[in-house]
There are 2 protein chains.
Amino acid sequence: MTTPSNTRSIWRAPNARAVEAIDQTQLPYRLATARLESADAVIDAITAMVVRGAPLIGAAGAYGLAMALDRDASDQELARARAALLAARPTAVNLKWALDRVGDAVRTLPAGERADAAFAAADALCEEDVATNESIAVHGAALIRDAWTRAGKQRPVEVLTHCHTGRLACVDWGTALGAIRKAHETGVAVHVWVDETRPRNQGASLTAWELMEHGVPLTLVADNAGGHLMQRGRVDLCLVGADRVTASGDVANKIGTYLKALAAKANGVPFHVAIPSSTIDWSMDDGLGIVIEERSPDEVTHMTGVAADGQVTRVRITPEGVAAANPAFDVTPAALVTSLVTERGVCAASKAGLLSLFPERG
Amino acid sequence: MTTPSNTRSIWRAPNARAVEAIDQTQLPYRLATARLESADAVIDAITAMVVRGAPLIGAAGAYGLAMALDRDASDQELARARAALLAARPTAVNLKWALDRVGDAVRTLPAGERADAAFAAADALCEEDVATNESIAVHGAALIRDAWTRAGKQRPVEVLTHCHTGRLACVDWGTALGAIRKAHETGVAVHVWVDETRPRNQGASLTAWELMEHGVPLTLVADNAGGHLMQRGRVDLCLVGADRVTASGDVANKIGTYLKALAAKANGVPFHVAIPSSTIDWSMDDGLGIVIEERSPDEVTHMTGVAADGQVTRVRITPEGVAAANPAFDVTPAALVTSLVTERGVCAASKAGLLSLFPERG
């Protein structure tokens, strides 16, 4: 299995009015790309998780807005398309940030110039995303190297991660997984405990696939196993991403993150959260105010995989007609977070910590 | 879907030299029974989880020893069969207890009387199991009723449970799930959050199936969701079972239990563990000394369910060749356990608490 030669998860051919993206619903079974030619197609891709991961969703949304303006560059369409795209994933602050950025770039322009300017703004946003994520990777890798040094470099440093935060979640590179890849590529012996991440299994599929692709040693475990592993001293640090971080350092991330943070705290294991600063919601302090998306119960009651005949097959794993709930995210209080890893460096998960890196927000 | 008219999960026809048991690997898709005619068949049934749940494994083991003695009643065979049966599930102290009880009942008898006496001892053990479990259910139901009363009886009391602890795990009735059923049957409005319980999905399959059968309202959730639910005040109490409880109240139970206990503690949610006293290992204080069974990685990488064509189908949910680990149990320290619910009543999860109910162990 190989990746596109450009190594990006979303890309636009020169002068194209559409983008192509890796269809992440097809992984880890096959590598396929989806061509997105309209804002509606982008919305569908976000909803169906063809594109997923907060930074990538932002990039896709930016292109979606450009495509909408390519058809109708009116103020009304700008407002309508922005609202429609934003509704595709209300929890992801990156999406709002990206849409605002494209909107701000075109709002004062005459209608005839808006589409080109919007595509250019989306392109620039993607380039910055790559640079931002590599910076996060460098800072995160330093934490992993430090842990390896503390372990005397006699054994691999043991990192536990939840959900998927690799290059497939961004335009390129990744956040938490990017840091792990950077550590591995710069000579740190690292082994990753990969949480399966029910109900959508992003860990079992995307994280496992990406780590294998990069040659990083990993062991997949059920989400239930992490507490046991930490209790028995088999995890040196946890490193995850986030969908939103509040100004005081509360972390909204994939459901189950909070349980791992509790186990880390109870067992003295550092718990780090790697994020681009676009993930920080400076308007909000208390993470418990974040609206948690409730996704389809089908994600809990059904599972997709490859059957013995090689066909990708969906099976029901419950009694017929069972009721199920599917909250997609949870909130980890800042008190459980050892540090935040951003493109500007590492800080405490607190208002003071964040302001030390982002004084312009003070 | 109906259950056998006898409502038991294992039973012996009068004078039969074999037993029948519900084949729990077929649930929740179909109700089938397995006929077990030898100790080897019992070992296979335990290993393959045709019979599962600590008390039921004990009962099955007792019958397995009787069947072995029915073929060869020598001291050598008694020792060999006991060791072989015990190795089928080393973590389950009930199995050792049941085998010892049958062994003790026959050891001083002449060989010609051993098999009949062993079957009689196994039968008696089953009858006591039913009575024991109904007592646990009565005491546990009182805790649920108390929580409902504290909630003003204006809404259902919200109980979270992990894995499966219903009548299918015992000869009849159940432990934690038995208490929920008893509460429901005695007029308490109860709603159950059912943890899926990866990787074997006992919650999504057996617990959901059994609660639906009893008409108890339930909502299935991914194992990752419980912390979020507790943080948001949507759980009044947790009630789980255990595979082994140490003399000081540490609890070995299905992997993931520890994470829920941490979340309960952090959010002020009572965490109760319902057990027959045969689950208590009086010889051990520190739960971290318990050997945790490592099961096949296939349970993590593959999943079984019903496909659209109605066939029970196994699918691989990971990239091919991924490494996976599968610790089957974890240990919840006594400090996280609000109380133990036994057939003699409710006590603190501590040496003093247990001795208050079982003074003969002091």
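I will try to describe carefully the structure that is included in this document. These numbers were taken from a predicted model, which means no experiment stands behind them. (Residues numbered from 1 in each chain as written. Chains lettered and ligands numbered in written order. Predicted model: local features only at pLDDT ≥ 70, side-chain atom pairs only at ≥ 80, totals over all residues. Heavy atoms only, no water.)

Across its full length, chain A carries 11 helices and 16 strands. Whereas a compact globule of 362 residues would reach a radius of gyration of roughly 21 Å, chain A reaches 20 Å, a difference of no more than 12%. Its C-alpha atoms give chain A principal-axis dimensions of roughly 60 × 55 × 40 Å. Every one of the 362 residues in chain A was classed for burial, and the buried ones make up 64%. Restricting the contact set of chain A to residue pairs at least 6 apart, pairs at least 24 apart contribute 73%. A total of about 12,300 Å² of accessible surface is found on chain A, and carbon and sulfur atoms cover 51% of it. Distance from the positive charge centre (35 side chains) to the negative charge centre (42 side chains) of chain A: 4 Å. (Helix = DSSP H or I, 4+ residues; strand = E, 2+ residues; numbered from the N terminus. Rg over C-alpha atoms; globule rule 2.2 N^0.38 Å. Buried < 20%, exposed > 50% of the residue type's maximum accessible area, 1.4 Å probe, protein only. Contact = heavy atoms within 4.5 Å. Areas by Shrake-Rupley, 256 points an atom, 1.4 Å probe, with all protein chains shown as cover. Lys, Arg positive; Asp, Glu negative; His and termini not counted. Charge placed at Lys NZ, Arg CZ, Asp CG, Glu CD.)

Glancing now at the interface of chain B and chain A. The interface of chain B with chain A comprises 64 residues on the first partner and 64 residues on the second. Summed over both sides, the interface between chain B and chain A buries roughly 4,700 Å², with carbon and sulfur atoms accounting for 64% of that surface. Interface area lost by chain B to chain A is led by B:Asn224, B:Gln231 and B:Leu259, which between them contribute 15%. Across the contact surface, chain B and chain A share two salt bridges. In this structure, B:Glu196 and A:Arg198 form a salt bridge, with 2.4 Å as the shortest nitrogen-oxygen distance. (Buried area = accessible area lost by both parts, 1.4 Å probe. Salt bridge = Lys/Arg side-chain N within 4 Å of Asp/Glu carboxyl O.)

With that out of the way, let us pick up the packing of helix H4 (residues 93-106) of chain A against helix H5 (residues 111-150) of chain A. Residue and element names in this part refer to chain A. H5 packs onto H4 with a crossing angle of 140° between their chain directions and a minimal axis gap of 9 Å. By the criterion of interaxial angle, the relationship of H4 to H5 is oblique. Crossing angle aside, the handedness with which H4 passes H5 is right-handed. For the pair H4 and H5, contact is made by Trp 97, Ala 98, Arg 101, Val 102, Ala 105 and Val 106 and by Arg 114, Ala 117, Ala 118, Ala 121, Ala 122, Ala 124, Leu 125 and Glu 128, respectively. Here the residues of the contact of H4 with H5 are counted per class, giving 11 nonpolar, no polar and three charged. (Axes fitted to C-alpha atoms, helices over the stretch in contact; angles between N-to-C directions. Parallel < 35°, antiparallel > 145°, perpendicular 65-115°, else oblique. Left-handed = near helix turned anticlockwise from the far one by under 90°. Nonpolar A, V, L, I, M, F, W, Y, C, P; charged D, E, K, R; others polar.)

Right, let's talk about the relation of the copies chain B and chain A for a bit. The two copies are related by a screw motion: chain B maps onto chain A through a turn of 180° and a shift of 0.0 Å along the axis, at an RMSD of 0.0 Å. The superposition of one copy onto the other is thereby described by a two-fold rotation axis. A shared interface surface links the copies, since 100% of the contact residues of chain B are contact residues in chain A too. (Least-squares fit on C-alpha atoms with pLDDT ≥ 70 in both.)

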